[in-house]
Amino acid sequence: MTELIYKVIDYFFNDPLKILYLIGGTGGIYFWYEKWTSRVRLHTVLVKQTYDPDNNFGAELKFKCTNVGSKITSLDGVVTVVSLTRDGLPLKVSMQIMGNDLALKPHEAREFLAKGPVGATYYFSKYRKYQFKLNYGSSCNLYTLDGSIESEKSFFKWVLDKQKFKIKLRLSRLIQRATNT
């Protein structure tokens, strides 16, 4: 053990500038660590979702956001929902967030309400991706399988199930074409 200590002392004694590399390297690592931990992130949870076919096929989306970072940020005024219809066609809908105060203080949960016309096929759509964007910081995406709040999934499970759905849809179309000819 003492041999190792003598080798380390000789290493730095022979070239004293190597101490600067050691100090500078650890300072750089500390800088990037601080930058990584203080970044602005968003944690979002869907609270309630209603659909009203009588009101111009409008939908309301109630959600709770928490700024997990250490700096103040604010939400962009639009929630974008990207989904697939039962026929496998893409559907993109934008909903306006109601209210003027969209600021998010660090580690403070706030509820928001988004409204907008969505069309008749929105209710039956599958594999929804809700995109919540920030004016400063990383955006947040939520993934659901059939649109219900209880079916919220991780990104990888959502992509896997979406690909299974597309394969089943293509196979059913191929079988339908083969039986029609």
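In this report, the structure presented in the accompanying data block is examined. (Residues numbered from 1 in each chain as written. Predicted model: local features only at pLDDT ≥ 70, side-chain atom pairs only at ≥ 80, totals over all residues. Heavy atoms only, no water.)

1. Some thoughts on the pairing of strand 2 (residues 58-67)
No. 1: Looking at chain direction, strand 1 (residues 42-52) and strand 2 are connected through 10 bridges and run antiparallel. Paired with D52 across the two strands is G58, which belongs to strand 2.
No. 2: Between strand 1 and strand 2, which pair antiparallel one after the other, the connecting turn spans five residues, and N56 there sits at a positive phi close to 55 degrees.
No. 3: Relative to strand 6 (residues 109-117), strand 2 runs antiparallel, the two being bridged by nine bridges. Each residue of the ladder has a partner; that of A59, found in strand 6, is G116. (Pairing = 2+ DSSP bridges. Helix = DSSP H or I, 4+ residues; strand = E, 2+ residues; numbered from the N terminus.)

2. Quick look at the environment of Q163
No. 1: Assignment of secondary structure puts Q163 in helix 3 (residues 155-180).
No. 2: Owing to a relative accessible area of 37%, Q163 belongs among the partly exposed residues under this scheme.
No. 3: As a C-alpha pair, Q163 and N56 span 107 residues in sequence and 32 Å in three-dimensional space. (Buried < 20%, exposed > 50% of the residue type's maximum accessible area, 1.4 Å probe, protein only.)

3. Digging into the nonpolar core
No. 1: Grouped together as the largest cluster of nonpolar side chains are 25 residues, with contacts concentrated most on F63, L75, M95 and Y122.
No. 2: For this core, the elements supplying multiple residues, two or more each, are strand 1, strand 2, strand 3 (73-84), strand 4 (90-97), strand 6, strand 7 (126-134) and strand 8 (140-144).
No. 3: Core analysis: the next-biggest nonpolar cluster, separate from the first, contains seven residues, L84, Y143, W158 and F165 among them. (Core = buried A, V, L, I, M, F, W, Y, C linked by side-chain atoms within 4.5 Å.)

4. Some words on unusual backbone geometry
No. 1: The backbone phi angle of H107 is positive, close to 60 degrees, even though this residue is not glycine.
No. 2: Accessibility expressed as a relative area gives 59% for H107, which makes it exposed.
No. 3: Notably, Y127 is not glycine yet its phi reads approximately 55 degrees, a positive angle.
No. 4: Here Y127 is to be found in strand 7.
No. 5: Overall, Y127 belongs to the buried group, its relative accessible area being 8%.

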